[in-house]
Amino acid sequence: MKKRRGRNKLDRIFLSSPHMGGKELDYVHRAFETNWIAPLGENVNMFEKELAEYVGIGSAAALSSGTAAIHLALKAAGVERGDAVFCSSLTFSATANPICYQGATPIFIDSEEKSWNIDPVALEKAFAKFGAPKAVVVVDLYGQSADMDPIRDLCTQYGVPLIEDAAEALGATYHGKQCGTLADFGIYSFNGNKIITTSGGGMLVSDNEEMIKKARFWSTQSREQERHYQHNEVGYNYRMSNVVAGIGRGQLHVLDERVKKKTEIYERYEKAFSDIAEIQMMPKCEYGEPNFWLSCIILDEKSKVKPLEILLTLEKENIESRPIWKPMHLQPVFDGCEFVAADKKDVSSDIFARGLCLPSDTKMTEEDQDRVIDLIRGCFGV
Ligand SMILES: Cc1ncc(COP(=O)(O)O)c(C=O)c1O
């Protein structure tokens, strides 16, 4: 029987799922042929080098996850038990959890409406209220850079290391520079839903080569260079395997293509909803080019249609959408942690209440996206 072209109607449309480019297996095969399955090998070294070249940074350490990369960035920044760390509130919990691994306390900072990212005004307020923390962790949400210039200026003024969580923002830029390279340390995630994936993995990047070397050391159980097993520090099993790094090398070939497709997806939604006053797209800031990892919408306060209604309408048709990240200061696990907003309005909670992430899968056809669009328009009776 002739295979039908395109997607079966009953196939699920995903928010963002793995999308192989074709070259991944070549690199994986090389690992097998040389019997360098694990732990390290050429793919790991080359993935670090190729990614560092792509984003334009001095050094990179390939790790088992983005979360591990944030953990080692905090350690490299000197964060220890009892320290305070300022952190974006509107993000995935993996941004904040490693602060707790270090025994430190997060202080959550609100978002600005302009970018949905950390509000430099709120950050300044936090510095004035609490003094200098041990580090600041800033997220580039849904593939758009935070407004890094004023954030970095504040950190420089107070002498505080800045960590950029660019887990969702590989390939995005800020004033022409790649996200993830705008702070003392940057991190990327290659989790299955990210713009490129290794099935699971992460990268820590920095121009501080010494610290990247140290991170590699910590990630391999802090084993000293001795013939016997010598350990002077606590270590972690955080290194990326040579097989996984092979997938990453293959995926790097299609990163630009993925950014282009994600941009087209965002622009098609933007155009399709332009006549519905209640729907606004996540704002795009003039200071950079997002990678549009996820296309998100925010509904007008007065909109009778709520995000959940759209989510359930899509779910009935086997289409995945997702609420905006629930801010960390609303999470029971972080009960009692401080939260600083620029003024009385809690912007991140408002975005959580009114926003929705739409299917942004790069394997989605135009036909698929039209189905999504029609279903959403139907919720508004148009
Ligand atoms: C903003 C953000 N930070 C950190 C992470 C953690 O990355 P990983 O899943 O690779 O540990 C993710 C995604 O998973 C993320 O979206």
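Residues numbered from 1 in each chain as written. Predicted model: local features only at pLDDT ≥ 70, side-chain atom pairs only at ≥ 80, totals over all residues. Heavy atoms only, no water.

(A) Local environment of the sheet that holds strand β10 (residues 279–281). If you walk across this open sheet you meet the 4 strands as β10-β12-β15-β13, and the pairing is antiparallel. What marks the edges here is a single partner per strand, and that holds for β10 and β13 (322–323). With 2 bridges connecting them, β13 and strand β15 (residues 355–358) associate as antiparallel partners. Opposite Pro323, over in β15, you have Leu356 as the bridge partner. On the sheet, helix α11 (residues 347–354) packs against β12 (295–299) and β15 and is oriented at approximately 55° with respect to β15. (Pairing = 2+ DSSP bridges. Helix = DSSP H or I, 4+ residues; strand = E, 2+ residues; numbered from the N terminus. Contact = heavy atoms within 4.5 Å. Axes fitted to C-alpha atoms, helices over the stretch in contact; angles between N-to-C directions.)

(B) Examining the environment of Val254 more closely. Tracing the backbone shows Val254 in the loop between α8 (242–252) and α9 (255–272). Distance from Val254 to Asn97, taken between C-alpha atoms, is 31 Å for residues 157 residues apart in sequence.

(C) How the structure looks around the packing of aromatic side chains. Summed over all chains, the structure comprises 12 aromatic pairs. With a centroid separation of 4.2 Å and 20° between ring planes, the pair formed by Phe127 and Tyr158 is classed as stacked. Taken together, the positions of Phe127 in helix α5 (residues 120–130) and Tyr158 in helix α6 (residues 148–158) put the pair 31 residues apart, joining distant regions of the chain. Judged by its relative accessible area of 1%, Phe127 falls in the buried class. Look at Tyr158 and you get partly exposed, because its relative accessible area is 33%. When the ring of Tyr142 is compared with that of Trp325, the centres are 6.3 Å apart and the planes differ by 10°; the resulting orientation is stacked. Remark: Trp325 occurs in the loop between β13 and β14 (339–340) and Tyr142 occurs in the loop between β4 (135–139) and α6; sequence separation between them is 183 residues. An aromatic cluster of three or more residues is present, and its members are Phe86, Phe127, Phe130 and Tyr158. Sitting over the ring of Trp218, Lys75 keeps its end group 4.7 Å from the ring centre. Note that Arg223 overlies the ring of Tyr229, its terminal NZ or CZ placed 3.8 Å from the centroid. (Phe/Tyr/Trp six-rings, centres within 6.5 Å; stacked < 30°, edge-to-face > 60°. Buried < 20%, exposed > 50% of the residue type's maximum accessible area, 1.4 Å probe, protein only. Lys NZ or Arg CZ within 6 Å of the ring centre and 35° of its normal.)

(D) Focus on the site of the ligand. Looking at the ligand, there are 15 residues lining it, with Thr67, Asp165, Glu168, Ser189 and Lys194 nearest. One of the side-chain nitrogen or oxygen atoms of Thr67 is found 2.4 Å away from an oxygen atom of the ligand. Residue Glu168 places a side-chain N or O atom 2.6 Å away from an oxygen atom belonging to the ligand. Computed on the free molecule, the ligand has an accessible area of 380 Å², of which 93% lies beneath the protein chains in the complex. (Near = heavy atom within 4 Å. Polar contact = N/O pair within 3.5 Å; in protein donor to acceptor, adjacent residues only side chain to side chain. Areas by Shrake-Rupley, 256 points an atom, 1.4 Å probe, with all protein chains shown as cover.)

(E) Seen up close, the layout of surface pockets. The calculated volume of the largest pocket comes to roughly 270 Å³. If you trace the largest pocket, you find 23 residues lining it, with Phe92, Ala94, Ala167, Ser189 and Lys194 closest to the centre. Elements with a minimum of two residues in the lining of the largest pocket: α3 (66–76) and β8 (185–189). If one sorts the elements of the lining of the largest pocket by residue count, α3 sits on top with 3 residues. The residue makeup of the lining of the largest pocket, split by class, is 8 nonpolar, 10 polar and 5 charged. In this structure, the lining of the largest pocket is formed jointly by two domains, domain 1 (24–252) and domain 2 (255–379), each of which donates at least three residues. Considered as a void within the structure, the second largest pocket measures approximately 220 Å³ in volume. Lining the second largest pocket are Leu40, Lys213, Arg216, Phe217, Thr220, Arg223, Glu224, Gln225 and Arg239. (1 Å grid on protein atoms, 1.4 Å probe; cavity = no way out; pocket = protein on both sides within 12 Å on 5 of 7 lines; lining within 4 Å. Points joined across faces, edges and corners; volume = space filled by probe spheres on them. Nonpolar A, V, L, I, M, F, W, Y, C, P; charged D, E, K, R; others polar. Domains from an automatic or database assignment.)

(F) Structural view of the side chain of Ser145. Within the secondary structure layout, Ser145 lies in the loop between β4 and α6. Discounting residues that sit within four places of it in the chain, Ser145 has contacts with Ser115, Asn117, Asp140, Thr173, Tyr174, Cys179, Leu182 and Tyr287.

(G) Main features of the packing of helix α2 (residues 42–55) against α8. The N-to-C vectors of α2 and α8 enclose an angle of 35°; their axes lie 8 Å apart at closest approach. Note that α2 runs across α8; the crossing there is left-handed. From α2, Glu42, Asn43, Val44, Met46, Phe47, Glu50 and Leu51 reach across to α8, where they touch Asn242, Ala245, Gly246, Gly248, Arg249 and Leu252. Grouping the amino acids of the contact of α2 with α8 by side-chain chemistry returns 6 nonpolar, 4 polar and 3 charged. (Left-handed = near helix turned anticlockwise from the far one by under 90°.)

(H) Quick peek at the pairing of β4. Among the 5 residues that make up β4, 5 are buried, leaving the element largely enclosed by the rest of the structure. Of the two faces of β4, both are covered, the one formed by Ala135, Val137 and Val139 as well as the one formed by Val136 and Val138. Sheet topology places strand β2 (residues 84–88) next to β4; 3 bridges connect them, and they run parallel. Bridge pairing in β4 places Cys87 opposite Val137. Pairing geometry for β4 and strand β5 (residues 162–165), over 4 bridges, is parallel. If you follow Val137 over to β5, its bridge partner there is Ile163. For the handedness criterion, the β-α-β arrangement of β4, α6 and β5 is classed as right-handed. (Right-handed = clockwise from strand over helix to strand, strands pointing away.)

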